[in-house]
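Listed below are the residues making up each chain.
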Amino acid sequence: MNRNEFFQALPITRLNLRMTGAALEICTDDIDDIHVMISGSKADAEAMRVLAKADTLTLEQPLFLKAAKAANTWLQVTIRLPRSWKGAVDARTITGWMNIRSFAGTDLALNTVSGTIMANDLNFMTISARSVTGDVKLTQVICREVSLFSAFGSLSVMDVQLQKAKAYTGTGTVALTLPQPFEALTLASITGDLCVDAPIILCDAAMRSVSGRIRTTGVSIVEGGPKVRAATVSSDLDITTTLE
């Protein structure tokens with residue numbers, strides 16, 4: 001079943017999404033209104049609560065689904081926004097993946113327990129993405145401050161313009177490929193390696209680790225450069241210039 005809901009875009013400046021077992025996709029299109037499509041079984045699609053009040057559009061999936069039923073249920077929520085829409089997004093789910101792409105806004109917060117988070121072609125002031133077991137992947141993003149977390153997954157940042165970033169993972173890797181110089185990075189991993197590729201030749205880097213070390217390629221460690229602070233147990237920190 002496909003359940004379709006339409007809302008006037010002008011009053012809405014915030015998306016508040018609370019789901020349990022649904023996958024989520026948010027994108028823009030050549031439309032005037034906000035289009036919400038809920039795809040899945042008839043009972044699950046109809047159970048989703050959709051409400052527009054004041055400046056907030058809220059979607060809530062009931063919590064009464066048993067774990068066994070949720071594991072065998074497929075539900076996807078697709079939100080299409082007008083290309084001119086700019087607002088804040090706060091999305092949380094338990095088992096579903098998230099695919100957020102091709103729009104701009106103020107603050108973006110994405111949280112999932114076991115899903116993968118993918119964010120592409122975005123322009124936000126702040127982005128926070130957290131997954132317990134899944135990976136977090138950001139590509140072609142412009143953002144002032146980025147905060148990423150995954151306990152067991154990897155964190156990947158590719159072609160992202162940012163000033164400050166924090167990235168923490170337990171067993172996964174952290175890989176940042178930045179097209180422009182940054183102000184400060186704070187990175188942490190227990191066993192996964194930390195990698196930073198950026199167009200810099202100077203860096204103020206420091207690391208706390210039991211057995212890991214800092215390795216640089218084309219970058220000199222000096223005070224006053226872009227800051228990198230890292231903490232690991234046994235992993236290395238690699239900083240590489242992308243300047244030819």
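These remarks concern the structure in this document.

Here is what the cut-offs are and how they apply
- Residues numbered from 1 in each chain as written.
- Predicted model: local features only at pLDDT ≥ 70, side-chain atom pairs only at ≥ 80, totals over all residues.
- Heavy atoms only, no water.
- Helix = DSSP H or I, 4+ residues; strand = E, 2+ residues; numbered from the N terminus.
- Rg over C-alpha atoms; globule rule 2.2 N^0.38 Å.
- Buried < 20%, exposed > 50% of the residue type's maximum accessible area, 1.4 Å probe, protein only.
- Contact = heavy atoms within 4.5 Å.
- Lys, Arg positive; Asp, Glu negative; His and termini not counted.
- Charge placed at Lys NZ, Arg CZ, Asp CG, Glu CD.
- Salt bridge = Lys/Arg side-chain N within 4 Å of Asp/Glu carboxyl O.
- Pairing = 2+ DSSP bridges.

Attention now moves to the overall build of the chain. Assigned secondary structure in the chain consists of 2 helices and 21 strands. Over its C-alpha trace the chain gives a radius of gyration of 20 Å, about what one expects of a compact globule, namely 18 Å for 244 residues. Each of the 244 residues in the chain was classed as buried or not, and the buried ones make up 48%. The contacts in the chain between residues at least 6 apart in sequence include a share of 40% that link residues at least 24 apart. Of the charged side chains in the chain, 23 are positive and 24 negative, and the gap between their average positions amounts to 7 Å.

The subject of this paragraph is the environment of T139. By the element assignment, T139 lies in strand β11 (residues 136–150). Take T139: its relative accessible area is 27%, and that puts it in the partly exposed class. Separated by 22 residues in the primary sequence, T139 and Q161 have C-alpha atoms spaced 9.7 Å apart. Every residue in contact with T139, bar those within four places of it in the chain, is listed here: A119, N120, D121, M158, D159 and V160.

Evaluation of the coordinates by the stated rule reveals 12 salt bridges. Here D90 makes a salt bridge to R92, at a shortest N to O gap of 3.6 Å. Given a relative accessible area of 41%, R92 falls into the partly exposed group. R215 is paired through a salt bridge with D236; the nearest N and O atoms lie 3.6 Å apart. Taken together, the positions of R215 in strand β18 (residues 214–217) and D236 in the loop between β20 (227–232) and β21 (237–241) put the pair 21 residues apart, joining distant regions of the chain. Each of the salt bridges in this network shares a partner with another, and the network as a whole consists of R14, R18, D90 and R92.

Here β11 runs beside strand β12 (residues 155–161); their pairing, made up of 6 bridges, is parallel. Its bridge partner being in β12, K137 is matched across the sheet by S156. Pairing of β12 with strand β14 (residues 174–177) involves 4 bridges; the strand directions are parallel. Within the sheet, the bridge partner assigned to L155 lies in β14 and is V174.

Bringing the side chain of T20 into the picture now. Examined against the element boundaries, T20 turns out to sit in the loop between β2 (14–18) and β3 (23–29). Accessibility expressed as a relative area gives 12% for T20, which makes it buried. If sequence neighbours within four positions are ignored, T20 has contacts with Q61, P62, L63, T93, I94 and T95.

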